[in-house]
Amino acid sequence: MRAFRALADGDYALPAAGVVLVGPNGHGKTSLLEAVLYLEVFRSFRGARDRELVRFGEDGFHVEVETETGGDGGGVAGRPIPERWREGSGAKRVVAAGYDARTREKRVVADGLQASRLADAIGAVRGVVLSPSDSELATGGARVRRGFMDVLLSLTVAGYVEALGEYRRALRHRCRATRDVADWEALLARSGARVAAARRVWVERSAPRYGALCAEIGEIQAAGLCYATRATADEAELAEALERSRERDLVRGATSVGPHRDDLRLLLGERDLGVYGSAGQWRTAALALRLIEAETLAERDGPPVICLDDAFAELDAERSARLGGLVERLAARGSQVLATVPREGEMPEAVRSLPRWRIRDGTIATT
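Residues numbered from 1 in each chain as written. Predicted model: local features only at pLDDT ≥ 70, side-chain atom pairs only at ≥ 80, totals over all residues. Heavy atoms only, no water.

**Section: the sheet that holds strand 1 (residues 18-22)**
Part 1 of the argument: The strand order across the open sheet built from 6 strands is 7-11-12-1-13-14, with neighbouring strands paired in mixed fashion. At either margin of the open sheet sits one strand with a lone partner, and together these are strand 7 (127-130) and strand 14 (363-365). Neighbour to neighbour, the strand axes of the sheet diverge by 20 degrees on average, direction disregarded.
Part 2 of the argument: Two elements, strand 1 and strand 12 (residues 337-341), share 5 bridges in a ladder whose sense is parallel. Counted as the bridge partner of Gly18 is Val337 from strand 12.
Part 3 of the argument: This element, helix 8 (residues 279-301), spans strand 7 and strand 11 (305-309) of the sheet and lies at about 170 degrees to strand 7. (Pairing = 2+ DSSP bridges. Helix = DSSP H or I, 4+ residues; strand = E, 2+ residues; numbered from the N terminus. Axes fitted to C-alpha atoms, helices over the stretch in contact; angles between N-to-C directions. Contact = heavy atoms within 4.5 Å.)

See the structure below:
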């Protein structure tokens, strides 16, 4: 790792079971999680732009990870790596990403070969971050929840990331085109139907588990998921809807139908959680979504890294204990756990058996 945020340059061997990063707020704990998970889809999970990840005064950053298969797979410090990468027990993969702030170019290298497309290299690291800011999954706009689904399905559903890329390209061009609008609509319908279908399947399959996890964390009301759409997952029907809206959309300069307008609705009983829920219920819903994310990743390629970024903050004692039990269950199934806490006295029971690293002013002490 070189010139990433305010972190000191260095190479770190993460313990197989995980580690607890202990240090004051603002000293780089979350930045280390950010550096590790940058190599999942080659962007910051905090939403920062690449140029904002470059240490002040530097021209760019470089992050690299070596993954290794073992008896249960492999990955960061022995955690599982995607099935499509495996070539037998003991196989290693090295993935690196660099960003040049001068040219604004990003370069990704997998096993010594430069990736021509980022989509070809995603998933070398697979992780889930649990943090207080996750409440935005409940309170934020539909774009936040679509983004959540898009990242997860890009990592777990074959062809999804390609379909999503095609859809976004066609969406950009449709209302700007002076000719061949119908051709862009055909691409929108074909790729959009695949995107919407994959989302719908995941939501319908995950809804019962979401309700069960909310209850397990402490929610007493029935919790549900619903894929809300004004369009359709049928290619022909979506094509017809696009044709009907063409004149109006071209005047407005925006496409009014398609999966870019859809939402993942979080329900409490029959009501919208974001509108009628409390702060505690928002946190519960967000935690349940993150845990389903972890389970979905595990089903495809083995246990993901679990990153607890001050995840127990603002939780009452009962919910904190219940979340701790769920984290211990994931660890028992093979997930590596990376946790951050500001002080050792605030370390939750679920991670007290892990090694401690200390961080101050971006410098990490591993002993």
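**Describing the packing of helix 3 (residues 142-156) against helix 8**
Axes are the key here: two packed helices are described by the angle between their axes and the distance separating the axes.
Part 1 of the argument: Axis separation between helix 3 and helix 8 bottoms out at 9 Å; the angle between their running directions is 15 degrees. What the angle tells us is that helix 3 and helix 8 run roughly parallel. Between helix 3 and helix 8 lies a crossing whose hand is right-handed. For the pair formed by helix 3 and helix 8, the contact residues are Phe148, Leu152, Leu155 and Thr156 on the first element and Leu289, Arg290, Glu293, Thr296, Leu297, Arg300 and Asp301 on the second.
Part 2 of the argument: Residues that form the contact of helix 3 with helix 8 fall into these classes: 5 nonpolar, 2 polar and 4 charged. (Parallel < 35°, antiparallel > 145°, perpendicular 65-115°, else oblique. Left-handed = near helix turned anticlockwise from the far one by under 90°. Nonpolar A, V, L, I, M, F, W, Y, C, P; charged D, E, K, R; others polar.)

**Section: the pairing of strand 13 (residues 356-360)**
Part 1 of the argument: Burial along strand 13 is one-sided: the residues Trp357 and Ile359 are buried and none of Arg356, Arg358 and Arg360 is.
Part 2 of the argument: Pairing of strand 1 with strand 13 involves 3 bridges; the strand directions are parallel. Counted as the bridge partner of Val20 is Arg356 from strand 13.
Part 3 of the argument: Pairing between strand 13 and strand 14: 3 bridges, direction antiparallel. Paired with Arg360 across the strands is Thr363, a residue of strand 14.
Part 4 of the argument: What sits between strand 13 and strand 14 in their antiparallel hairpin is a turn of 2 residues, with Asp361 showing a positive phi close to 55 degrees. (Buried < 20%, exposed > 50% of the residue type's maximum accessible area, 1.4 Å probe, protein only.)

**Some points on the nonpolar core**
Part 1 of the argument: Ranked by internal contacts, the top residues of the largest apolar core, which has 94 residues, are Tyr210 and Leu308.
Part 2 of the argument: Looking at this core, the element that brings in the most residues is helix 5 (residues 181-217), giving 10 residues.
Part 3 of the argument: Core analysis: the next-biggest nonpolar cluster, separate from the first, contains 10 residues, Leu187, Leu238, Ala241 and Val257 among them. (Core = buried A, V, L, I, M, F, W, Y, C linked by side-chain atoms within 4.5 Å.)

**Quick word on the confidence of the model for the protein**
Part 1 of the argument: With 93% of its residues at a pLDDT of 70 or more, the protein has an overall mean of 91.
Part 2 of the argument: Low pLDDT, under 50, characterises residues 70-75; the stretch is placed with 18 contacts to residues that sit more than four places away or in other chains. (pLDDT = per-residue confidence, 0-100.)

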